[in-house]
Amino acid sequence: MHDAIAAFQSLEPLNQFLGWIALFLIVPSLCEKLRLPPVLGFIFLGWLLGPNGIGMLDPNRTLTRIGAELGVGLLLFFVGFEIDFSLLKRARLQVAVFGVATFGLPLAAGATVARALGLGWNASILIGSLLASHTLLGYRIVDRAGLLGRSSVVATAGATVFTDISAMIVLAICLLVHQTGFSAQRIALQFAQIAVFIPLMLLGASWLIRYIGTRWKPGHETRLLLFLILVAGASEAASLFGIDGIVGAFLAGIAARRAVVVEEPAQSLKLIGNTFLIPAFFLTTGMLIQPVLLAETLRTQPLLSLGLAGGLFAGKFLAAWITGMLFRYPRADIGLTWSLTLPQVAATLAATTVAYRTVNAAGVPLIPHEVLNAVLVLVVITSIGGPLLTQRFADRLKGETAATGPAPAADAPATGAHE
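It should be emphasised that the depicted structure is a prediction, and the values quoted were computed from it without experimental measurement.

A. Representation of the overall build of the chain in the model. Across its full length, the chain holds 17 helices and 0 strands. Taken over 419 residues, the chain has a buried fraction of 50%. In the chain, the proportion of contacts linking residues at least 24 apart, taken out of those at least 6 apart, comes to 80%. As presented, the chain carries roughly 19,600 Å² of accessible surface, and 66% of it is formed by carbon and sulfur atoms.

Structure representation (C-alpha cells):
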C-alpha cells in the first residue's frame, strides 16, 4: 500500500489531476446507484484517502486548503443563490410561523442536550443552531411529484431563508464570544457590524452587479470570473466586519440572485463548483473523521449522538405539527414538511467545520471533536432518512391529488385544508 501511495504521489501533476477527475466522476455515479447523496461518498473518500485512512492526502497541504476554502465558499454562495425571496411573499404568515418554529425549537432542543452533557452556553447555542438549519435534499423529489405549489412546500422553502440567515448570524456571534470572551459591548458591536454588513451586501453588491452588467455588458466568461471575485471578495469583506467568511459568501449568493437576470454564468460556476471545488470541501471534511474516536464517542457518549438526533427529529416534527395544525394541513403535508427539514448537510457541515477549527487564545476549539463526530453521524442519518421519508409522503400526496384533484396554489385564497 505504501508503494502504491508513493507511486501516486510521484506522478506528474497532470496525471494526478486525471486521477482525481476519475474519482470525481465515479463517486457521484456510484452513490446514485446506491441511492445515497454524493456528499456521503466524498466524505467517506476523504476519510479513506486522508491521514486517518491510507494517508494519500494531507489536509494541511496548500493546494488542499485552497480547494477546500473555495469549495466551502461556493457551497454557501449557492445556498444563498438558490434562496427565492419571492417565496416570502407567498403564504407569508405560514412562512413566518414555520420559519420561527423550525429554527427555534431544534435550537432549544440541541442547546438543552449540549448543556445537559456539560458543554458551555456558547458552544451549546452554536450546536443548537446547527440543528436549526437544514438542506432541502428532498426538493427534487417534491418537484418530480408535481407538489411544488402546495402551501406546505412553499412554507418550507420560504422558511429555509429564515433558518439559513439566522444560523449564520448565530455562528458569527458564537465565534466572536469564543475568540474574545463574553462582552456585552463586543456583542452589541458585532450586531451593529452585522446590521451594516447585511444590507451592504444585499443592496450594495446587488447594485454593483447590475451596474457592471448594464454598463460594461461583460461576456459569459467575464461574468463567470466576476462571480468568483464576488465570492472571494465577500468572504474577505466579512472578515473586516469581524464575521466569518462563509457568512459573506452566503450573503453574496443572495445578492447575486437578486441582481442577476441571466443565470448562465452562475450555472456554469455551479457546474465547476459541484464538479471540483465543493467535493474538495467534503473531502477535507472526511479527513477530519477519526474512526477510533468516532467509535469511542458512540460508546462513551451515546447520549450526545442520540440526544442531538432526538432533538433534531422532535424539534423539526413539532414545528411542522404546530404549523400544520394552525393552517389545517393534511397529515401527509405535515409529514412532508417535517421530512424536508430533516437533512443536515450544506450549511450544517460548513458551520460545524468552521466552529471546530476556530480556537480561542488557549487553543481550545469552539466545539470538541466529539461534537464533530456526532454531527457527522447526524449528516449520514438525515441525508439518507430525510429523502426516503420525503419520497414516502410525496407518493401519498401524489396519490391523494390524483384521486381528489390538485390542491390550491400557495397564493390562492384561504378555502380549506391546504391554506
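B. Fine view of the packing of helix H8 (residues 151-180) against helix H11 (residues 245-259). Where H8 contacts H11, the axes come no closer than 10 Å and their chain directions differ by 155°. Considered as vectors, H8 and H11 are oriented roughly antiparallel to each other. At the point where H8 passes H11, the crossing takes the left-handed sense. Contacts between H8 and H11 involve Asp164, Ile165, Met168 and Leu171 on the former and, on the latter, Ile246, Val247, Phe250 and Ile254. A class-by-class count of the residues in the contact of H8 with H11 yields 7 nonpolar, no polar and 1 charged.

C. Quick look at the packing of aromatic side chains. This model, assessed by the stated rule, comprises 8 aromatic pairs. When the ring of Trp207 is compared with that of Tyr211, the centres are 5.2 Å apart and the planes differ by 20°; the resulting orientation is stacked. You can see Trp207 and its partner Tyr211 sitting in helix H9 (residues 184-215), 4 residues apart, about one turn around the helix. A residue is classified by how much of its surface remains accessible, and Tyr211, at 35% relative accessible area, is partly exposed.

D. Inspection of the nonpolar core at higher detail. One finds Leu76, Phe77, Ile246, Leu251, Phe282 and Leu349 to be the most contacted residues of the largest nonpolar core, which totals 117 residues. When residues of this core are assigned to their parent elements, the largest contribution, 12 residues, is made by H8. Leave out the neighbours within four places in its chain, and Ile246 touches Val72, Leu76, Met168, Leu171, Ala350, Ala351 and Val354.

E. Region of the structure containing the environment of Phe313. In this structure, Phe313 sits in helix H14 (residues 302-326). For Phe313, a relative accessible area of 27% translates into the label partly exposed. In the structure, Phe313 is positioned 182 residues away from Leu131 in sequence and 9.4 Å away in space, judged by C-alpha atoms. Those residues in contact with Phe313 that sit more than four places away from it in its chain are Trp338, Leu342, Ile381 and Thr382.

The rules we used
Residues numbered from 1 in each chain as written. Predicted model: local features only at pLDDT ≥ 70, side-chain atom pairs only at ≥ 80, totals over all residues. Heavy atoms only, no water. Helix = DSSP H or I, 4+ residues; strand = E, 2+ residues; numbered from the N terminus. Buried < 20%, exposed > 50% of the residue type's maximum accessible area, 1.4 Å probe, protein only. Contact = heavy atoms within 4.5 Å. Areas by Shrake-Rupley, 256 points an atom, 1.4 Å probe, with all protein chains shown as cover. Axes fitted to C-alpha atoms, helices over the stretch in contact; angles between N-to-C directions. Parallel < 35°, antiparallel > 145°, perpendicular 65-115°, else oblique. Left-handed = near helix turned anticlockwise from the far one by under 90°. Nonpolar A, V, L, I, M, F, W, Y, C, P; charged D, E, K, R; others polar. Phe/Tyr/Trp six-rings, centres within 6.5 Å; stacked < 30°, edge-to-face > 60°. Core = buried A, V, L, I, M, F, W, Y, C linked by side-chain atoms within 4.5 Å.

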